[in-house]
Each structure stands twice: as structure tokens, then as C-alpha cells.
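This is what each chain is made of:
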Amino acid sequence: MNPTHTKFPYGIADFQAIREEGYLYIDRTDRIPLLEEIGKQILFLRPRRFGKSLWLSTLENYYDLARSERFDGIFGGLKIGPNPTPRRNGYIVMVWDFSTVDTQGDIDYIRGALYRHINVCISRVLGRYPELERFSLSDDAIANFQALVSAIDRTGHKLYLFIDEYDSFANEVLVSRLRGADRYRDLVSGEGVLKSLFKAIKSVARGQGLDRVFMTGVSPVVMSDISSGYNTIKTISDHPEYNDLCGFTTDELRGILDRVAAECGLSPEQADEAMETMRTFYNGYRFSSKKASSTHDSLIYNPTLAIYFLEELAKYCEYPARILDSNLAMDRNRIQFVAGLPHGERLVTQALAANEANPDQSIFIDRPADRFGVEDMLNAPRDDTFLASLLYYLGVLTLAGRDEQGRLRLTIPNLVVRSLYAERLYDALVPEYEDRETRRAAADRFYAYADPEPLCDFIEQRFFKVFDNRDLRWSNELTVKTAFLTLLFNDTFYIMDSETAIDRGYSDLSLILRPDMRKYKLLDHLLEFKYLPWKALGRNSEAVRGMTREELRELPPVTEQLNRAGAQLARYRETLERVYGKKLRLHTHAVVCIGLERLVW
């Protein structure tokens, strides 16, 4: 263990503690003046575990008049320190964290849980600011909130209200199997408690003592469903100047990684390998279709995943055993929720199969929808915009440029998120224990011995039949690639990618060993897939179906496709050997699928 390593704030969202205890902090305080200018009631959306709570804590510390004496100590070395805005430490602040509201009950229980949370926050404010006139709290948290704002107004100060994860508990209710949609509607419609609460916020913001509101969340769905109750909010999530408000840029991460490499005594080559591993697994998020500047790198690393990796590397001087932080694994449930909506299964599976070589298979929208409620998703949407937008807000799709018609292309951002899609599809298509054990044994044999036969047998006998029954099939090699990707996905040992770019060409699927896993007796793999319909074989289909693999392999159309795939793989091999050198243990596999029933290699 490295006792002198950099301190990384994994799981810490307390700005004051991070600054006073010497944790790493990526400075975004230069955006504070921009936020003051853009509006008084702001909504900022980012996926789960993307650093929103830390940014909210930064603002809380900056504006809290009770923390004025700490300003120089915690902000003095940051960008805002030398030139703070006039509103610095000028507010009574209150923070609501809706992720703590318990949703395991009926609508009355949830209302009570929300009211209890708000009342605790009100009590904390009354105890923190001695200039406030005390009053007794009732069970009605909305009335108590209105009374608190009036008390603040009488002091000559104003309230800055921060709401973290504004949509968290409502989303938990929505995806719950316990009358999720019905209980959600009770929260947001008519005189539902959420709608009533935000109506009260809107009311006291009209010169009654509430001056500013900053909210974080994941999606605009809840805000859309309560919009008539709170239609004064400004969403800044897609503004280019806030694209990297949360998250790491490539240059920032490289600087941190170089520091860790120096602490661990890693060579420049090892540092480069670690950077490439992090790029493959964690980079790729883009939240604005515009660039803040012509030189600005608009791709963002997920900060929680990056810190998870860096902390393990700094502490033990080796990669974490699992690249996917288990705290992010629950996002697979969100993908599953979308897959269960009308047309959702097709869209989710299409996202996994989409690639650079087949851009027409990608998901395209004019722009992410910013006003769509739950009814728009549940009641057979007219097109993919709503569901694709929800996947984007959840962080399991991201912006990837525009096509020739100006449509935005959405793609899976990185390999960690791709693993969530692959695991969800695997769970859906291979639910039985016996089949999973057969698959595991077949994959292990492929990884170590480059023997595709057990895996191909499994795909023919089990996988293709399930695909056919679930309306997930495409009549080309895309189906085959999706099958192999799903069954072989293993981010513990491999950097896996579909449509790997190699010298302006694209291999269908690559399994390149992680740098830290080359100590094991495993192989690198490169696969190329071709598809033939039965009629292309020019014979009676029933007779051909009864042929052995060896007999099928000798048929001229099959031989031709195998040769074509082999020639492509030979070119790709040359490139990969130049890149990886002698450490590469590459085996190539040309696979021809016939009629989505038989596999020949």
C-alpha cells in the first residue's frame, strides 16, 4: 500500500471537508458569476453519481452568511477567491436532499416522509441562524416553509434554497413494482404533494423572502409533470459553458494520473496504458451539442468512476479488480425500466448494437426533449424521442455529433455503460442457471484456448431461438455480433469493443486484454462476422439445414465469406501488432452466420 498517495474524495460531497482535509478538488468556481447572471431559479441535470451534490455543496458554502469567516480558508486558493461576487456569504441557506425521502409505502406515508425531511431542514435553519425568530413546527411542512421564509424576510436577509436530487424519490416511486405509475401520478398531479410544494416555492419567490433556488436532478420528467405548479425554473444542463461543470476533462485527468504515476513509480508507458484504460471505460459523455470554444474538449469523464479507479491505483499502485464501481451497477435497473416501456426493448437493444461502421443503425433525434412527462412514455410514444431522451438523461446514452441531416446522434458513452446494456440483455435472454453455467464454461474456453465451438453451439441451440421469439433480430451480422458481444462481455479481463476502429476499417468485435491482466494465461481476440441467408447457398434449404459444419464450410458462398472475413482480419492483425508489439497474444476468428440458425468459422 502507498501511504503517501493523493487523497481522493470518493463518496464525499461535503465541499468544506474536502477543502479543509486536503482532498483533491477540481475547481469550477469560476462558473459562479455566470450562474448569478443567468437566472434566479435554476435546474441543473446530470446522471446519477456525476458530482452534482458536491457542486451544490460548493454553492451552499459560498453563499452561506454563517460561513463568512471560513471563506478565505476554503475558497482562498480557488478561482473565485481573489474576486468573489457581491453576493458572497450573503444568504441564509437551506438544503433539501430528496434522495433521503423514504418511498417504501403508500402515498400518505411518502407525503409524511417528505414533510418530516423538510421539517428537519427547517429546524436546522432555525438553530443555525440566531437572528431568526423561532416558531413551533406543525406537521404541515409546506406551511412551516412559508412561515420560515416570512421569518427570514423580517431579518432583512433572503433565502437561497438548494434542492439536491429534486426528482429522486419520485423516480424511485415510478420504477417501483408496487403500483409505481399510480403512486407517481398521485405525487405530481392535481393537488399532489410535490406539485403543492413547488407551487409554494413559486409563491414565496415573488418578493416574499426567497431570492434564489438551485436544484439538481437527473431528468426533466418530474418537472414537466408539475410544470403548471412551478413554471419559473430555467434549465442550464445543455449550455456549453456548463458541459464540464461536473466531471473531469481529459487534460485534468491526465494531470492527476501523472501525479499518481509518480507516487507509485510507474513508467511513462504504464501511465499511458492507465490513461487509455480510463478513456475506454469512463470517458465519452457530452451534455451540449455546442462547444464552449473551438479548442475545448467537450468529452467528459464520469467523476465517480474516475475517482474510484484513481483511488485504487494511488493506494495499491494497481488497477481495481473490477472496472465497474458497484454503486453504478444499479443504473442497469433504469435501463430495464426503459426496456419495459412501449417500444423500449427495441430501442435499448438497438443502442447496444449501434456502431460507427453502421451509423444508420444509430439512434437519432432532433434534440433531447426537455418537456415530457410520464404519460408521454407510458402511452406508446409516437417516436423514439422521449425514450431516447430519457436514456440520455440517465447517462446511458450521450450526444455524439450530428448526421448530414442535422439530427443528433446518440450513442453509448463508454465501455462501463456498454457493460450495463450487455448484462441487462444477458439477464433477459439467459435467465436459467444451467444455461448460464454452459455459457460461462464456453466463454472461458474461448478466452483461454481460442476455441469457438462450445460458444457457437450454445448460440445456435439457445440464443438464436430466444432472439427470434423476442422481436430483437436483424437479418444480418448485427444480430450475430450482438449475440457474441453479450455472451463474451467481460470487463474484468478485457477491453471489449464492437466496431473497433483499425486503420479506417472496423473490426466487428475485439477482446484486448487489460494491461494489468496480461499476467494470466488468456488470449487477445479479434472477430469478424458475415451473414448469408439460406437462399444464398443455392440449394434446397431443408437439405442444407441438415449439413454438418464441415459440409457447410465447403460450400462456395460460405468459403467466399470466410475468405473475405479472413482477409480483413489479416489487415487488422498487422495494425494491432504494430500498436501492441510482442505482448499481444492475438487470435482471429472469421465467423459466418447462415440464416440466423447456423454458425461456421
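Just so we're clear, the structure is a prediction, and the values are computed from it rather than from any experiment.

A.B. asks: Just checking my understanding: could you explain the confidence of the model for the protein chain for this structure?
C.D. replies: On average, residues of the protein chain score 88 in pLDDT, and 92% of them are at 70 or above. Note that residues 471-475 has pLDDT below 50 and, in this model, 19 contacts with residues that lie over four places away or in other chains.

A.B. asks: Help me out: how do you make sense of unusual backbone geometry in this one?
C.D. replies: Peptide bonds are, in most cases, trans, and in most cases residues other than glycine have a negative phi. With phi around 55°, Arg49 is a residue other than glycine that occupies positive phi space. Even without being a glycine, Ala450 presents a positive backbone phi close to 60°. Tracing the chain through its elements places Ala450 in the loop between α19 (433-449) and α20 (453-469). Looking at Ala450, the relative accessible area reads 15%, which means it is buried.

A.B. asks: Mind showing me how you'd approach the packing of aromatic side chains here?
C.D. replies: Aromatic rings in a pair are described by how distant their centres are and how their planes are angled relative to each other. Under the counting rule described, the total for this entry stands at 25 aromatic pairs. Between Tyr63 and Tyr160, the aromatic rings sit 4.9 Å apart at their centres with planes inclined by 40°, giving tilted as the arrangement. Of this pair, Tyr63 sits in helix α3 (residues 52-63) while Tyr160 sits in strand β3 (residues 159-164); the two residues are 97 residues apart in sequence, bridging distant segments of the chain. One aromatic cluster is present, built from ring pairs that chain together Phe15, Tyr25, Tyr62, Tyr63, Phe71, Phe75, Tyr91, Tyr160 and Phe162. Here the guanidinium or amino end of Lys7 rests over the ring plane of Tyr23, the centre of that ring lying 4.4 Å away. Here the basic side chain of Arg88 rests over the ring of Phe71, its NZ or CZ set 4.1 Å away from the ring centre.

A.B. asks: What should I look at first to understand the nonpolar core in this one?
C.D. replies: Side chains of a nonpolar character, in soluble globular proteins, are inclined to be buried together. In this structure, Trp96, Ile201, Tyr421 and Phe484 are the most contacted members of the largest nonpolar core, which totals 183 residues. Take this core: its biggest share by element is 10 residues, from helix α5 (residues 107-128). With residues up to four places along the chain from it excluded, the contact list for Phe484 reads Leu455, Cys456, Ile459, Leu509, Leu527, Phe529, Val591 and Leu599. Grouped together as the second largest cluster of nonpolar side chains are 21 residues, Ile512, Val544, Leu555 and Tyr572 included.

A.B. asks: Which parts of the structure should I look at to understand a negative patch on the surface?
C.D. replies: Together, Glu453, Glu550, Glu551 and Glu554 make up a negatively charged patch on the protein surface. With respect to the element layout, Glu453 can be found in helix α20.

A.B. asks: Mind showing me how you'd approach empty space enclosed by the protein here?
C.D. replies: Empty space among the atoms can be located by rolling a probe the size of a water molecule over them. A full pass over the atoms with the stated rule returns 3 cavities of 30 Å³ or more. In this structure, the largest cavity occupies an estimated 80 Å³ of space. Taken together, 14 residues line the largest cavity, and the ones lying closest to its centre are Tyr285, Asn302, Leu328, Asp331 and Val417. When residues in the lining of the largest cavity are grouped by element, the largest group, 3 residues, is from helix α18 (residues 415-429). Split by residue class, the lining of the largest cavity holds 10 nonpolar, 2 polar and 2 charged.

A.B. asks: Explain the state of the cysteines here, please?
C.D. replies: Joining two cysteines, a disulfide is a covalent bond between their sulfur atoms. Tallied over the entire structure, the rule returns 1 disulfide. Note that Cys264 is cross-linked by a disulfide to Cys317, the S-S spacing being 2.3 Å. The S-S bond linking Cys264 to Cys317 shows a torsion near -85°; that makes this disulfide left-handed. You can see Cys264 sitting in helix α11 (residues 250-264) and its partner Cys317 sitting in the loop between α13 (303-316) and α14 (331-339), a full 53 residues away along the chain. Given a relative accessible area of 28%, Cys317 falls into the partly exposed group. No disulfide involves Cys593; its sulfur sits 9.5 Å from the nearest other cysteine sulfur, which is in Cys456. Taking relative accessible area as the criterion, Cys593 reaches 0% and is therefore assigned buried.

A.B. asks: What is the right way to read the pattern of salt bridges from this model?
C.D. replies: Pairing is possible between side chains of opposite charge, provided their charged atoms come close. Inspection of the entire model under this criterion finds 38 salt bridges. The salt bridge partner of Glu60 is Arg67, with a shortest N-O separation of 3.5 Å. Judged by relative accessible area, Arg67 falls into the buried class, the value being 14%. Between Glu172 and Arg334 there is a salt bridge whose closest N-O contact spans 2.6 Å. Here the residue Glu172 occupies a position in helix α7 (residues 168-175), and Arg334 occupies one in helix α14, the gap between them amounting to 162 residues. According to the relative accessible area criterion, Glu172 is partly exposed, its value standing at 31%. Take Arg334: its relative accessible area is 17%, and that puts it in the buried class. Here the residues in one salt-bridge network are Glu60, Asp64, Arg67 and Arg128, joined through shared partners.

Cut-offs applied
Residues numbered from 1 in each chain as written. Predicted model: local features only at pLDDT ≥ 70, side-chain atom pairs only at ≥ 80, totals over all residues. Heavy atoms only, no water. pLDDT = per-residue confidence, 0-100. Contact = heavy atoms within 4.5 Å. Helix = DSSP H or I, 4+ residues; strand = E, 2+ residues; numbered from the N terminus. Buried < 20%, exposed > 50% of the residue type's maximum accessible area, 1.4 Å probe, protein only. Phe/Tyr/Trp six-rings, centres within 6.5 Å; stacked < 30°, edge-to-face > 60°. Lys NZ or Arg CZ within 6 Å of the ring centre and 35° of its normal. Core = buried A, V, L, I, M, F, W, Y, C linked by side-chain atoms within 4.5 Å. Patch = residues over 30% accessible without salt bridge, like charges linked within 9 Å, V, L, I, M, F, W, Y side chains within 5 Å. Areas by Shrake-Rupley, 256 points an atom, 1.4 Å probe, with all protein chains shown as cover. Salt bridge = Lys/Arg side-chain N within 4 Å of Asp/Glu carboxyl O. Lys, Arg positive; Asp, Glu negative; His and termini not counted. Charge placed at Lys NZ, Arg CZ, Asp CG, Glu CD. 1 Å grid on protein atoms, 1.4 Å probe; cavity = no way out; pocket = protein on both sides within 12 Å on 5 of 7 lines; lining within 4 Å. Points joined across faces, edges and corners; volume = space filled by probe spheres on them. Nonpolar A, V, L, I, M, F, W, Y, C, P; charged D, E, K, R; others polar. Disulfide = S-S within 2.5 Å.

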